[in-house]
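Observations on the model geometry
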Amino acid sequence: MKVGLNSLMQNVGSPESDGAVIGDEIDLALRAEELGFDSLWAVEHHFSGYSIQPNPLLWLTYLAARTETILLGSAVIVLPWHNPARVAGEISMLDHLCGGRFVAGIGRGLGRLEFEGLGASMDDSRAVFAEGIEMIVAAMESGVLEFDGEVVKQPTRSLRPHPAGPLRDRLYASAVSPESAAAAARLGAGILVNPQKPWAKIAEDMAAYREEFRRHHERQPPAPIASCQVYCHEDAAVAAEVGRREIGRYYASVMAHYEMTGDHFDSTKGYEYYARLSERMKGLDESDVVERYLETQVFGDPEQCAAQIRNIVEVTGCDHFVGLFRFSDLDRAQALASAELFARDVIPAVKRLEPAPA
């Protein structure tokens with residue numbers, strides 16, 4: 001098992017400036033390698049304090065220069081917000097700068113605020129996601145950019161810098177809906193699991209993904225990577241109180257940022273799953289929705305955190321767990337203390353776990 005640390009750069013209602021938040025994240029990320037984490041991850045978001053991280057590859061390039069061996073992952077590059085050829089060039093450059101430590105996480109996006117602000121079409125997102133990944137993976141093997149798809153039209157050009165190595169075995173797709181998981185399987189990508197539903201339902205989705213993967217490829221599907229909010233404290237009562245409060249506040253920010261109960265999903269091509277989800281959520285109190293989310297996250301004393309991650313490994317078969325330690329109103333000291341305790345008392349136990357066979 002590998003264990004990673006994610007940077008969200010959230011600044012919702014905090015008295016801190018955005019610059020101070022970035023400084024907090026730098027401090028935490030630069031401690032990760034010495035604390036024993038195996039990977040560092042970065043998200044992509046725009047236009048709100050939900051996350052002030054607009055460019056994961058820029059952040060990872062900075063970290064590449066400040067670290068030695070730790071893996072560097074995007075969680076995720078939202079492909080429909082970019083020109084795929086440009087993304088391929090930037091990935092290739094980062095791969096050279098970090099000595100092949102890059103792990104590519106790619107997604108199609110959900111936030112209407114971001115799509116509209118960037119002039120991108122939600123209706124085309126599924127096609128851009130699938131076609132863009134296919135083109136990028138091929139270019140990272142051949143060194144040639146070319147594609148003639150439904151949406152992506154790329155004239156033949158050389159990928160420069162020439163790729164340092166293929167991307168295929170270190171490619172993951174964020175997939176919440178079953179349709180996105182099936183698309184990832186057809187593309188030969190692994191799955192980044194960011195739980196938005198009960199773990200038992202995620203286990204069903206993963207079984208369907210593996211079946212679809214084997215249908216299209218003559219190899220076994222890669223183990224998924226699972227990511228959660230984490231709050232670890234020596235006192236179980238404190239961990240429960242702070243974890244429930246701050247993770248709950250975080251999920252409230254998710255619901256607001258993504259307009260999870262909005263009607264716009266009904267008329268948006270490719271977001272039928274979210275239209276159904278939105279309709280279900282409208283019939284629930286927000287506290288009930290948050291409670292269900294809390295059941296999927298990791299918080300407690302070190303023994304409780306290790307047990308919760310053990311369950312995630314057993315349910316998903318993941319071989320890599322990524323924790324998000326700074327979120328909501330947790331300050332620099334709280335996030336760092338949680339990460340340090342987790343590193344000391346939880347990471348050794350997690351690294352001994354054996355992923356369940358696919």
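Up top you'll find the structure we're talking about.
Attention here is on the structure that accompanies the text.

Moving on, we come to the overall build of the protein chain. Helix and strand content of the protein chain: 13 helices and twelve strands. Computed over the C-alpha atoms, the radius of gyration of the protein chain is 19 Å, within 12% of the 21 Å expected from 2.2 N^0.38 for a compact globule of 358 residues. With the C-alpha coordinates of the protein chain rotated into their principal frame, the extents come out at 60 × 50 × 45 Å. The proportion of buried residues among the 358 residues of the protein chain is 56%. When the accessible surface of the protein chain is summed, it comes to about 14900 Å², and 50% of that surface belongs to carbon and sulfur atoms. For the protein chain, the distance from the average position of its 34 positive side-chain charges to the average position of its 52 negative side-chain charges is 4 Å.

Looking now at the pattern of salt bridges. Applying the stated rule across the entire model yields 28 salt bridges. With a closest N to O distance of 3.3 Å, Glu-211 and Arg-215 form a salt bridge. Here Glu-211 and its partner Arg-215 are both found in helix α7 (residues 199–216), four residues apart, which amounts to about one turn of the helix. Here the salt bridges share partners, and the residues they tie into one network are Glu-16, Asp-24, Asp-27, Arg-326 and Arg-332.

Let's shift gears to the nonpolar core. Formed by 81 residues in total, the largest nonpolar core has its most connected members in Phe-37, Ile-91, Phe-102, Phe-321 and Phe-342. The greatest single-element share of this core, amounting to seven residues, is contributed by helix α5 (residues 125–142). If we skip the residues at most four places from it in the chain, Ile-91 touches Leu-57, Ile-77, Phe-102, Ile-136, Met-140 and Leu-167. Counting 42 residues, the second largest nonpolar core, distinct from the first, contains Tyr-172, Met-255, Met-260 and Val-322.

Cut-off values and rules
Residues numbered from 1 in each chain as written. Predicted model: local features only at pLDDT ≥ 70, side-chain atom pairs only at ≥ 80, totals over all residues. Heavy atoms only, no water. Helix = DSSP H or I, 4+ residues; strand = E, 2+ residues; numbered from the N terminus. Rg over C-alpha atoms; globule rule 2.2 N^0.38 Å. Buried < 20%, exposed > 50% of the residue type's maximum accessible area, 1.4 Å probe, protein only. Areas by Shrake-Rupley, 256 points an atom, 1.4 Å probe, with all protein chains shown as cover. Lys, Arg positive; Asp, Glu negative; His and termini not counted. Charge placed at Lys NZ, Arg CZ, Asp CG, Glu CD. Salt bridge = Lys/Arg side-chain N within 4 Å of Asp/Glu carboxyl O. Core = buried A, V, L, I, M, F, W, Y, C linked by side-chain atoms within 4.5 Å. Contact = heavy atoms within 4.5 Å.

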